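Summary of the model geometry
Each chain is listed here by its residues.
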Amino acid sequence: MAKKLKQVMIGVPAYDGKVVCDFSVGLAEIFRLAKQNGYELYLRYWMYDSLIHIARNMLFTMAHEQDVDELVFIDADQGFSPEAFFDALNHPVDVVGIPVRNKEEESKFNIRPHDVKEHKYDMKLDLLEVEAIGTGFLRLNRKAINALRDASPAYGENQRMICNTQIINGGLIGEDIQICDKLRAAGFKVYADINHTCDHFGTKRWSGSYKDYYVAGLKE
């Protein structure tokens, strides 16, 4: 009997209903390679909603209701490689993200805190344990999905407020920080695979290597 394929939902917020070409190429490639890697993929968009936390909450609800094995958030304004996608799925951890280059001139990425010495590299896993990583490319397994749902207040028919926008001590706390905080509070470790970095698109392509940024930061 053939081995059952793992069910993976790709959740994509697309605020204006558009995607960049690099995203669409990456998407086509992972669907082409999915079955030979042992996965069955489902693509779900949440479009035309300017509130990012609502878009993520709705996509999260879809993943929970579909009872998938894995949820991978990927933003539509990013470029990623098939290797990054399948590596994220294959890591034996519950929560792992791929770093994304920020859209700014200074070379920064969506891992917090920015000081690389605040993070711990796990040599056995070949992953960086971090306090928080952005939801631009974030994979959650079923265990993490259930824990997030249990830790979040209900609203609407079946939604959970897994993330929102908050102001704490005069600072704006984004949805990515909140999700990672809830996961760590529930006993999960949050990891980043720094062997890959996603490009980010706006007025131009923003690219870089978080791994190079990390190594340089350790030498300072």
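The sections below set out a description of the structure shown in this document. Chains are numbered independently. Their residues run from 1 in the order of the written sequence. The predicted origin of the model limits local features to residues at a pLDDT of at least 70 and limits the giving and counting of side-chain atom pairs to 80 or more, whereas totals for whole chains, interfaces and linings rest on all residues. To get the side-chain values, all heavy atoms of the structure are used, and hydrogens and water are removed first.

1. With respect to the nonpolar core
Grouped together as the largest cluster of nonpolar side chains are 32 residues, with contacts concentrated most on Leu71, Val95, Ile133, Leu140, Leu183 and Tyr210. Helical segments are the DSSP runs of H or I of at least four residues, strand segments are the runs of E of at least two, and each set is numbered from the N terminus. Ranked by the residues each element gives to this core, the list is headed by helix α4 (residues 142-150), at four residues. If sequence neighbours within four positions are ignored, Ile133 has contacts with Gly97, Ile98, Pro99, Asn110, Ile111, Leu138, Asp176, Cys180, Val190, Tyr191 and Ala192. The definition of a nonpolar core used throughout is a set of buried Ala, Val, Leu, Ile, Met, Phe, Trp, Tyr and Cys residues joined through side-chain atoms within 4.5 Å. Only protein chains enter the calculation, and the probe is 1.4 Å; a residue is then buried if its accessible area is under 20% of its type maximum, exposed if over 50%, and partly exposed in between. Judged by nonpolar contacts, the second largest core, of 28 residues, contains Val12, Ala34, Val96 and Val100. Any pair of residues with heavy atoms lying within 4.5 Å of one another is described as a contacting pair.

2. Let's talk about the pairing of strand β1 (residues 6-14)
Taken across its nine residues, β1 has eight buried, putting it largely inside the fold. By the convention used here, strands pair only if DSSP detects at least 2 bridges between them. Direction of pairing for β1 relative to strand β2 (residues 39-47): parallel, over a ladder of nine bridges. Paired with Gln7 across the two strands is Glu40, which belongs to β2. Remark: the β1/helix α1 (residues 21-33)/β2 crossover connection has right-handed handedness. Two strands pair when backbone bridges link them, and β1 and strand β3 (residues 70-74) are joined in this way by four bridges, in the parallel orientation. By convention a crossover is right-handed if, when the strands point away from the viewer, the path from the first strand over the helix to the second runs clockwise.

3. Digging into the environment of Ala63
If you trace the backbone, Ala63 turns up in helix α2 (residues 52-66). Relative accessible area serves as the criterion here: at 0%, Ala63 is assigned to the buried category. Through-space distance from the C-alpha of Ala63 to that of Arg142 is 9.2 Å; in sequence the pair is 79 residues apart. Apart from residues no more than four positions distant in its own chain, Ala63 is found in contact with Met9, Val68, Leu71 and Arg142.

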